[in-house]
Amino acid sequence: MIGAGFADPVQDSQRCFRSVLEAMSRPGRIFQLPPLAEPPTPLHSATAAVLLTLADADTPVWLDRAEPLDWLRFHCGCPVVAEAGAAQFVVAVGAMPALAGLALGTEEEPHLAATLLVQVQGLQAGQGWRLTGPGIEHAHRLAVQGLPADFLAQWAANRARFPQGVDIVLCAGDSLACLPRTVRIEEAG
Amino acid sequence: MIEAGYNFGYLDENTKRMIRRALLQAVALPGYQVPFGSREMPLPYGWGTGGIQVTASIIGADDTLKVIDQGADDTTNAVSIRRFFNRVTGVATTEHTAEATIIQTRHRVPEAKLREGQVLVYQVPMPEPLFRLEPRVAETKRMHALADYGLMHVKLYEDIAQHGAATTSYNYPVLVNGRYLMSPSPIPAFDNPKLDMMPALQLFGAGREKRIYAVPPYTEVRSLDFEDHPFQPARADAACVICGARDSYLDELIVDDGGKRHFVCSDTDYCASRPPLVEAAA
Amino acid sequence: MYVAVKGGERAIGNAHAWLDETRRGDPALPELSVEQVEQQLGLAVDRVMAEGSCHDRGLAALAVKQARGDLIEAAFLLRAYRTTLARFGASEPVETGAMRIQRRISATYKDLPGGQVLGPTYDYTHRLLDFALAAEREAVAPAPEGVADPTPMPRVTELLAKEGLMRRETTSEAEPPDLTRDPLNFPVPRAAWLQALARGDEGFLLGLGYSTQRGYGNSHPFAGEIRMGEVTVEFTPPELGFAIELGEIVLTECQMVNQFAGSKSEPPQFTRGYGLVFGHGERKAMAMALVDRGLRAEELGEPVDAPAQSQEFVLYHCDNVEATGFVEHLKLPHYVDFQSELEKLRSLRQEAGR
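Residues numbered from 1 in each chain as written. Chains lettered and ligands numbered in written order. Predicted model: local features only at pLDDT ≥ 70, side-chain atom pairs only at ≥ 80, totals over all residues. Heavy atoms only, no water.

Undergrad: For the overall build of chain A, give the residues involved together with the corresponding values.
TA: The secondary structure content of chain A amounts to four helices and nine strands. Ordered by position in the sequence, the α and β elements of chain A form the string α-β-α-β-α-β-β-β-β-α-β-β-β. Principal-axis analysis of the C-alpha atoms places the extent of chain A at approximately 50 × 35 × 30 Å. Counting only residues that meet the buried cut, chain A has 58% of its 189 residues in that class. Here the analysis covers contacts within chain A between residues at least 6 apart in sequence; of these, 62% occur between residues at least 24 apart. Carbon together with sulfur atoms contributes 52% to the accessible area of chain A, which is approximately 7300 Å² in total. Averaging the positions of the 12 positive and the 19 negative side-chain charges in chain A gives two centres separated by 9 Å. (Helix = DSSP H or I, 4+ residues; strand = E, 2+ residues; numbered from the N terminus. Buried < 20%, exposed > 50% of the residue type's maximum accessible area, 1.4 Å probe, protein only. Contact = heavy atoms within 4.5 Å. Areas by Shrake-Rupley, 256 points an atom, 1.4 Å probe, with all protein chains shown as cover. Lys, Arg positive; Asp, Glu negative; His and termini not counted. Charge placed at Lys NZ, Arg CZ, Asp CG, Glu CD.)

What follows is the structure, given as structure tokens:
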């Protein structure tokens, strides 16, 4: 039995997209999506909604868990690939794959880089990291639970590759926040 | 009332997804031109097919749309595009900059300061800022990869050497976030400073050339110049005959055969929002 | 069977009979009259008049019908006819400034004396197939009519010229060359290339004009003014010594306003590209104006490196009757030459194999 997707695919995916677009435009700001009735285990509502919104037959997807694959294939019709480096959307429910191993785009075509959806335990605004860069007037604060210990080192390397590099969508429950490759992250000061 | 037989926003959902993915890449790569699978639209290339596709991909039932051409809501093309979206989405439209959530524009940036939550969608004819200097796309792609903008600096330098100032008055190139050279679309250079650190999201669509690009909110957008020849935005040295504004961009109207001229605000909403001059003063 | 056999006479006869039958289509349907073509396919008729360089709506409509809607074939038919006509003189230059305007727009001013007149245009229609047109309609409601505005409509380029911002054209009383009688002799004067462009292929000029907008021969164009309407054609018979009116024709005129950086002897100013065609042919008039400006590069001291700036490239290739002839002639038998190529290739291969 495959769970339902969006109740109203046209309007719901538009709303979800606008949240992701705003989130990518204002790095580190947390956006709440309307909860999905039946996200497939173990995906959170936000993770599932972003996939419904952006993935389709043209986008190879990689997942670190097998349970949601039937749901994903049924609703998005996307090819599922075995190598994270070959995917346009990489979904990490468990340990996040190394950023350097994902599609980073090329100097001439940096838009071919992957987008990484990381499911984390929690997101809080107003504390934690200090984010600066395009999309941020002064600084945004964001605390994230559930990222690997070396995340900031990986992120600094990712940012140094600009214009190449991945973008990240952090998903927790029905909330999300984005880290485009332009954003500079500093440890809580 | 939405036109029967067409999806919300005219585009099918697959096309919207493709454009949405391109938009996200564009936001993550400020000023970089993302190629996209531009579709044939029911309006001709050059009329704003890029902007229309971007708007169609982001617009939702809760949005309020404003469309301007040359700064005005009542120009024929603006009316036509507004009608089009009314037919295919049924969303609310407005002429007031402050009320709009999405503003699609050709050739102007509104005078009123835009705020967070608003999206400004530009119609772009030639997305490549270097095309007049190097028409081969394979070459300009390489230049962007290497951030090699020497050609443009030489052009500016020659302008200044020969004429004492840059000769470009519209579509004046900008450097976005210190990295990518970008065409701001054919807005007057007067509007360029508004792009810098704008609280609203700016999206650019070029349908015929099949490119999408973006400037995220609060992003540095610098008009190219030299320290000893700083960028100088220009406007007619006059006041609007309707509202008296001296800070807005003005259109020149020829009012008689003898070539007598009047100036009026190009941004009709801005003009209407100001108290009119009394008859005698005009 | 495709064989250039003797006894091709019968084959040709049969082919033409078949063509005739195909042209007519299903005989159960009413035949299209020349008047219907002239009235209802008016823009096709206009294009054929322009490229056929003969202003006669009836003949152009006949050509469209005879060519089964192939407009290059129709232009060819009309050209072949016009060349047989006796020439009894040349008209006075037409005065487009006094045009009875059906459409007049300027992209460079929001408003100007005489105003913007949209006229019958597709510009702001939404290109959604109108299935109502597939059914036969009773009658079309007449468009609302206003009172004609008597305000004169000065040319935008003239307004700019008065301010000294538009480069003045050099005028000449010299008799312009006649392209239809004398071959092009490079370098050709502007009057000759304008003639060539006026009857040049719309598609070719469109592509070339477009290339100038994409960086291949920059001209920073603005559509200063496009006007379409009727002008009076006058002729001065030598025996009378004064002009008499022959009638009216519809013309489309486009004046592009282009940036010009200036030179050692001239200040920066605007320059113009000019387009003029028979009938309602805006796309053609605009493309022509872009290419005209491109061809002026040399005169204005600009670098000449793009296709649209090369006189020979543009003028030798813009005529679709010439072009279609040479391209399509490849259908004719070429087997004698081909045979010699075959033999040559075989002997070269043999040589190489040794």
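More follows now that the structure is in view.
Undergrad: Give a description of the overall build of chain B that names residues and reports values.
TA: Across its full length, chain B carries seven helices and twelve strands. For chain B, whose C-alpha radius of gyration is 19 Å, the value lies close to the compact-globule estimate of 19 Å for 282 residues. A principal-axis box enclosing the C-alpha atoms of chain B has dimensions of 55 × 50 × 35 Å. The buried share among the 282 residues of chain B stands at 58%. About 10800 Å² of surface is accessible on chain B, with carbon and sulfur atoms providing 53% of the total. Across chain B, the 29 positively charged side chains and the 35 negatively charged ones have centroids separated by 6 Å. (Rg over C-alpha atoms; globule rule 2.2 N^0.38 Å.)

Undergrad: Please give an account of the interface of chain C and chain B that cites residues and values.
TA: Counting residues at the interface gives 29 residues for chain C, matched by 37 residues for chain B. Around 2800 Å² of area is buried between chain C and chain B when both sides are counted, 54% of it from carbon and sulfur atoms. Taken as a group, C:Lys110, C:His126 and C:Leu128 account for 24% of the area that chain C buries against chain B, more than any other trio of residues on that side. Applying the counting criterion to the chain C and chain B interface returns three salt bridges. (Buried area = accessible area lost by both parts, 1.4 Å probe. Salt bridge = Lys/Arg side-chain N within 4 Å of Asp/Glu carboxyl O.)

Undergrad: Outline the environment of C:Phe76, listing residues and values.
TA: In this fold, C:Phe76 is placed in helix α5 (residues 71-82). What makes C:Phe76 partly exposed here is its relative accessible area of 40%.

Undergrad: How would you summarise the sheet that holds strand β6 (residues 174-176) of chain B if you had to cite specific residues and measurements?
TA: Residues and elements named next belong to chain B. Judged by pairing direction, the sheet is antiparallel, and its three strands sit side by side in the order β7-β6-β10 without closing on themselves. Of all strands in the sheet, those bounded by a partner on one side alone are β7 (180-182) and β10 (221-223). When strand polarity is set aside, the average angle formed by the axes of neighbouring strands in this sheet is 30°. Relative to β10, β6 runs antiparallel, the two sharing three bridges. Note that in β10 the partner of Leu175 across the bridge is Arg222. (Pairing = 2+ DSSP bridges. Axes fitted to C-alpha atoms, helices over the stretch in contact; angles between N-to-C directions.)

Undergrad: Requested: an account of the interface of chain A and chain B, with residues and values cited.
TA: Each partner contributes residues to the interface: chain A has 41 residues there, and chain B has 45 residues. Interface area, chain A with chain B, both sides summed: about 3400 Å², of which 55% is carbon and sulfur. Contact with chain B buries surface across chain A, with A:Arg18, A:Glu108 and A:His111 losing the most and accounting together for 18% of the total. On the surface where chain A and chain B come into contact, there are nine salt bridges. Among the ionic pairs, B:Asp62 bridges to A:Arg15, the shortest N-O distance being 3.8 Å. Taken together, chain A and chain B are joined by 16 residue pairs in polar contact (both at pLDDT 80 or more). At the level of secondary structure, the elements contributing two or more residues to the side of chain A that touches chain B comprise α1 (9-25) and α2 (45-54) of chain A. (Polar contact = N/O pair within 3.5 Å; in protein donor to acceptor, adjacent residues only side chain to side chain.)

Undergrad: Which residues make up the packing of aromatic side chains, and what values go with them?
TA: This model, assessed by the stated rule, comprises 16 aromatic pairs over all chains. Taken together, a centroid distance of 5.4 Å and an interplanar angle of 20° make the contact between B:Tyr6 and B:Tyr10 stacked. Under the relative-accessibility criterion, B:Tyr6 is labelled partly exposed at 33%. Taking 5.5 Å as the distance between ring centres and 90° as the angle between the ring planes, the aromatic pair formed by C:Phe88 and C:Phe235 counts as edge-to-face. (Phe/Tyr/Trp six-rings, centres within 6.5 Å; stacked < 30°, edge-to-face > 60°.)

Undergrad: Any details on the sheet that holds strand β4 (residues 269-278) of chain C? Residues and values, ideally.
TA: All names here are of chain C. As summarised here, the arrangement of the four strands in space is β1-β2-β3-β4, forming an open sheet in which the pairing is antiparallel. A single partner strand is all that each edge strand has here, and the edge strands are β1 (100-105) and β4. Neighbour-to-neighbour, the strand axes of this sheet turn through a mean angle of 20°, independent of strand direction. In this structure, strand β2 (residues 221-235) lies alongside strand β3 (residues 244-260), joined through 14 bridges in antiparallel fashion. Looking at the pairing, Glu230 lines up with Val250 of β3.

Undergrad: Talk me through the packing of α2(A) against helix α1 (residues 13-28) of chain B; I want residue IDs and the actual numbers.
TA: Between α2(A) and α1(B), the shortest axis-to-axis distance is 8 Å and the interhelical angle comes to 115°. When α2(A) is examined against α1(B), the residues A:Leu52, A:Thr53 and A:Leu54 are found in contact with a partner set consisting of B:Arg17, B:Arg20, B:Arg21 and B:Leu24. Of the residues belonging to the contact of α2(A) with α1(B), the class tally is three nonpolar, one polar and three charged. (Nonpolar A, V, L, I, M, F, W, Y, C, P; charged D, E, K, R; others polar.)

Undergrad: Which residues make up the environment of B:Tyr180, and what values go with them?
TA: Along the chain, B:Tyr180 falls in strand β7. Assessed through its relative accessible area of 1%, B:Tyr180 is described here as buried. Sequence separation between B:Tyr180 and B:Glu220 is 40 residues; the distance between their C-alpha atoms is 11 Å. With residues up to four places along the chain from it excluded, the contact list for B:Tyr180 reads A:Pro110, A:Phe162, A:Pro163, B:Pro30, B:Gly31, B:Tyr32, B:His144, B:Tyr149, B:Val174 and B:Leu175.

Undergrad: Got a sec to walk through the pairing of β3(C)? Specific residues and values, please.
TA: Strand direction decides the pairing type here: β3(C) and β4(C), joined by ten bridges, are antiparallel. When the bridges of β4(C) are listed, C:Cys254 appears paired with C:Gly275.

Undergrad: Describe the nonpolar core, naming the residues involved and giving the relevant values.
TA: In terms of nonpolar packing, the biggest core is built from 82 residues, with A:Leu21, A:Leu72, A:Leu176, B:Leu23, B:Ile58 and B:Leu203 touching the most fellow members. Contact partners of B:Leu23, with chain neighbours within four places excluded, come to A:Phe17, A:Leu21, B:Val54, B:Ile58, B:Leu203 and B:Ile212. Counting residues in hydrophobic clusters, the runner-up holds 31 residues, among them A:Met96, A:Leu123, A:Leu142 and A:Leu179. (Core = buried A, V, L, I, M, F, W, Y, C linked by side-chain atoms within 4.5 Å.)

Undergrad: How would you explain the domain arrangement of chain B if you had to name every residue and give the values?
TA: Residue and element names in this part refer to chain B. For chain B, the domain assignment lists domain 1 (13-127 + 173-223) and domain 2 (235-282). For domain 1 versus domain 2, the distance between C-alpha centres works out to 27 Å. Listed per partner, the contact involves 15 residues of domain 1 and nine residues of domain 2. Of the roughly 880 Å² buried at the junction of domain 1 and domain 2 (both faces included), carbon and sulfur atoms supply 49%. Three residues, Arg108, Glu111 and Phe190, lead the burial of domain 1 against domain 2; their summed loss comes to 49% of the area buried on that side. (Domains from an automatic or database assignment.)

Undergrad: Outline the environment of C:Thr108, listing residues and values.
TA: Residue and element names in this part refer to chain C. Considering the arrangement of structural elements, one finds Thr108 in the loop between β1 and α6 (156-162). On the basis of relative accessible area, Thr108 is assigned to the partly exposed category, the value being 29%. Counting along the chain gives 115 residues from Thr108 to Ala223, while the straight-line C-alpha distance between them is 6.7 Å.

Undergrad: Mind laying out the pattern of salt bridges, listing which residues take part and the relevant values?
TA: All names here are of chain C. Taken as a whole and assessed by the stated rule, the structure comprises 62 salt bridges over all chains. Glu158 is the partner of Arg168 in a salt bridge, and the nearest nitrogen-oxygen pair spans 3.3 Å. Linking Arg168 in the loop between α6 and α7 (190-198) with Glu158 in helix α6, this pair joins segments that are ten residues apart in sequence. Where salt bridges share partners, they join Arg167, Glu169, Arg190, Glu266, Arg272, Asp292, Arg296 and Glu299 into one cluster.

Undergrad: Please give an account of unusual backbone geometry that cites residues and values.
TA: Going from A:Thr41 to A:Pro42, the amide bond is cis rather than trans, its omega being 0°. As for its position among the elements, A:Pro42 is in the loop between β1 (31-32) and α2. Cis geometry marks the peptide bond from A:Phe162 to A:Pro163, where omega comes out at 10°. Here A:Pro163 lies in the loop between α4 (151-160) and β7 (167-172). Positive phi outside glycine occurs at B:Tyr10, with the angle close to 75°. Along the chain, B:Tyr10 falls in the segment before α1. Backbone geometry at B:Asn171 places phi at a positive 50°, although glycine is not the residue there.

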